Amino acid sequence: MNQQEIGHTRTPVGPRRATAASALALAVLLAGCTSSGAGTSESKTNPEVPVKEGGSLVIGAEQEPDCADWISVCSGSIWGDYMMRTTTIPKVFDVRPKDNTWVPVASPLMAGQPTITEGERQKITYKISPDAVWSDGEPITSADFKYTALQVRDGKDVLDKTGYDKIAKVDTPDEKTAVVTLKEPYGGWRTLFSSAYGVLPEHLLKGKNRNAVMKDGYTFSGGPWKIESWKKGTAITLVPNDRYWGEKPKLDKVTFQLTTDTAAAFQAFKSGQLDAMYPTPQLDVVEQLGQVAGGARRQIDAQTGNLEALWMNNEKFPFDSPDVRRAVAHAVDRKAIVNKLYGSLGVKKPAQSFLTPILSSYAGSDFSRYTRDLGAVDEAMTGDGWKKGGDGIWAKDGRRAEFGIVSLAGNKRRELTEQILQTQLKQAGFRMTIRNTSPADLFGKQAPAGNYEMGLWTLVDTFPDPALSNSFSSTSIPTEANGQSGLNFVRAKIDGLDPLLAAVDRETEPAKRAESSRRADKLIADAVPAIPIGTVPNILLWSDRVGGPLSNNPSEGPWWNLAEWGLAK
C-alpha cells in the first residue's frame, strides 16, 4: 500500500517537504529531474551531534490524526503514522539508507531475513527475535502475526487489504516462527507486516473491539517508545519503552505539540518553545526559514515519497467522461503551479507519473503530453458533444461543466493552488467552486464514500515498492459491500489496467516488474483518472539544542530514528 494525507504504503495524506542547501547543515542537492518532477537528490548525512542521556524535547506537529487504530479506515493521516505507529509498533522491515538510496532491511523484530519459497503458492517464513517482547513483558510471537494478518484480510473496517488479500493461511509451527502461504506470488511481499500495519499484540486484542482499544491511543508497545498520553487538540507525548530490546531512547520524553498554524509554529520555534518542526512547504515557509536565526539546522529534500495531485471522481458528473478529464488535463498549467509553489525549494517541473521520486525506476513520463493547450480543451469537449454557453461555460444535455473541489481547510498552499486552478479552468470553460473541509471528514468520510467531484491532496509512498494498484485498480474501490476498504478514491475502472497492476504486484523479477509498471503508467495517462501535479519536498528544522543523527526518511518520516535523538552535549 502506499498514499493521503494518508500515509500508508500509499495513502492520501498530509503534505510533506524537500531540500535547498543551507549554510548551516544539510543534505540534498537538486540537479536533474525524475519523471515525478523532483530534482534528483543526493542525500548526504548531516553531521552527527553527540547527545546526553535524559531530558525532553518538544516538537511541532501540524496535523492531528483522526485515530490510532492503524488497520481502520480512520487511520488515514500520515502524521499519526509518523508520530505513533512508527515509534511504537514493531514491523518486519525498516526502510534504511544504503548506497545513497533507501531500502528495506530486516528490523530488530526479526532473528534474520524472512525466507521465501517460490512457487504457485509463495511461502514466507518469518523467524522472530527471541528477545522481542511487548511492553508488558509478554513475548512477540507468531500468534501476533496470525492475528494481524487475519484482522486485515477478513476485517470490515480496513484501510487497505492489498497483499493481505492474497494470504491463504498463516501457520504457527512454534512461538517464534510464522509461515505465511500466499494464494499466488506477490512481488510486494516485503510490505506485509511492515509499511502500513506492522504487528499487533494478539494477547491484548483478540476477542476485543480493536478499534475501541486503539483509536484514541493505546498503552502497549513493541517499539522504542510508548504513548504516555494523547490530549486531543493539544499534544501527544511519548516516553521510552523500558522493555524494548533494540536501541533504547536517549531522551526521557518527547512531546508533539499540535500546532496547526504554520506561522504560529515558526514563531514558537524561533522563541524556543519548539525544538524541532516538520513544516509543510507553504508559500511563506521559505521566507520564514530565512528569518530563522543562527543555531538552527535544516534539511530539505525533493527526493521524497510525496506527490500532490488532482483527484477526479470518475463516477461523478462531469468526470465520468474521459474526454472531460483529458480536457481538464489540458486546461491546467501544471508547470506554472509547480513553479509558483515549489520553485524556491528546487522543484520546478511537474510530475509526469503517479509513482513518486523514490519509485522513479518504475515510472514512465506519459503525463508529459498534457500541457496547457486551450485548443486541445476545445477539441476534447466538442468531440464529446459539449458546447459553450453565452457565459463561456461548457454545457451538454442541459447540464453545465460545474463542479466542486475539496481539500484541507486552512492549508494556504492548497488554497492558493485552488485559486490558480479556478482561474485556469474558468479560462478553459469550467466553473469550479471550493468546498474545503477537515482531514477527518475528507479522508475518513468523503473520499472513501465517493462524495466529492474533484479533490486536491498528497499521495505518500511509505515503502519503496510500486503500488499503483492501491490507487487505480478497480479491486481497490471502497464500497459499502467491502466496508469502504481500498484507496482507489477516484473510482478508476480502466480497460486493461487491472491485469497489468496485478502483474506488477505478482512479479518478483525486478526488470519485468518495472516493464509492467511503465505499461500501467501509460494506460493511466491515457485515461486520466487523476492528474499528477508535483513532488512535495520534505523540510526538517531543528534547533541547536537537538543532537543525534538527524535526517528525513522519505518512507518513514522525520522521526524514524527518534530513539537516537537527544539533547546536544
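These notes cover the structure that comes with them. (Residues numbered from 1 in each chain as written. Predicted model: local features only at pLDDT ≥ 70, side-chain atom pairs only at ≥ 80, totals over all residues. Heavy atoms only, no water.)

**A few points about the packing of helix α8 (residues 334-342) against helix α10 (residues 412-428)**
α10 packs onto α8 with a crossing angle of 155° between their chain directions and a minimal axis gap of 11 Å. The angle between the axes of α8 and α10 places the two elements in the roughly antiparallel class. Judged by the twist between their axes, the crossing of α8 over α10 is right-handed. On α10, the residues that touch Ala336, Ile337, Lys340, Leu341 and Tyr342 of α8 are Arg413, Leu416, Thr417, Ile420, Leu421 and Gln424. For the contact of α8 with α10, the class distribution of residues is seven nonpolar, two polar and two charged. (Axes fitted to C-alpha atoms, helices over the stretch in contact; angles between N-to-C directions. Helix = DSSP H or I, 4+ residues; strand = E, 2+ residues; numbered from the N terminus. Parallel < 35°, antiparallel > 145°, perpendicular 65-115°, else oblique. Left-handed = near helix turned anticlockwise from the far one by under 90°. Contact = heavy atoms within 4.5 Å. Nonpolar A, V, L, I, M, F, W, Y, C, P; charged D, E, K, R; others polar.)

**Description of the state of the cysteines**
According to the stated counting rule, one finds one disulfide in the structure shown. Here Cys67 pairs with Cys74 through a disulfide, and the sulfurs are 2.0 Å apart. Classification of the bridge connecting Cys67 and Cys74 rests on its S-S torsion, roughly 80°, and on that basis the disulfide is right-handed. Judged by relative accessible area, Cys67 falls into the buried class, the value being 2%. (Disulfide = S-S within 2.5 Å. Buried < 20%, exposed > 50% of the residue type's maximum accessible area, 1.4 Å probe, protein only.)

**Here's the deal with the nonpolar core**
Counting 143 residues, the largest nonpolar core has Phe430, Phe472 and Trp565 as its most contacted members. Residue contacts for Trp565: discarding those within four places in its chain leaves Val51, Leu57, Ile59, Lys250, Leu251, Ala276, Leu540, Val546, Gly547, Leu550, Pro558 and Trp559. (Core = buried A, V, L, I, M, F, W, Y, C linked by side-chain atoms within 4.5 Å.)

**Concerning the sheet that holds strand β7 (residues 123-127)**
The strand order across the open sheet formed by four strands is β6-β7-β9-β8, and the pairing between neighbours is antiparallel. Looking along the sheet, the strands with just one partner apiece sit at the ends: β6 (115-117) and β8 (167-174). Strand after strand, the sheet turns through a mean of 20° between neighbouring axes, direction not considered. In this structure, β8 lies alongside strand β9 (residues 177-182), joined through five bridges in antiparallel fashion. By the bridge assignment for β9, Lys169 is matched with Thr181. (Pairing = 2+ DSSP bridges.)

**With respect to the pairing of strand β15 (residues 306-312)**
Counted residue by residue, β15 has seven buried out of seven residues, so it is predominantly covered. The side-chain alternation of β15 yields two buried faces, one formed by Asn306, Glu308, Leu310 and Met312 and the other by Leu307, Ala309 and Trp311. With seven bridges connecting them, β15 and strand β21 (residues 454-461) associate as antiparallel partners. Pairing of Leu307 across the sheet is with Leu459, part of β21. In this sheet, strand β22 (residues 530-535) lies alongside β15 in antiparallel orientation, the contact comprising five bridges. Bridging from a neighbouring strand, Glu308 pairs with Gly534 of β22.

**Thoughts on the pattern of salt bridges**
In this structure the tally under the stated criterion is 26 salt bridges. Across the pair Arg545 and Asp275 runs a salt bridge whose closest N-O atoms are separated by 2.5 Å. Remark: Asp275 occurs in the loop between α5 (262-270) and β13 (276-277) and Arg545 occurs in the loop between β23 (538-542) and β24 (546-547); sequence separation between them is 270 residues. Put simply, Asp391 and Arg400 hold a salt bridge, and the shortest N to O gap is 2.8 Å. Overall, Arg400 belongs to the partly exposed group, its relative accessible area being 29%. Counted as one network, the salt bridges with shared partners bring together Lys91, Asp94, Arg96 and Glu556. (Salt bridge = Lys/Arg side-chain N within 4 Å of Asp/Glu carboxyl O.)

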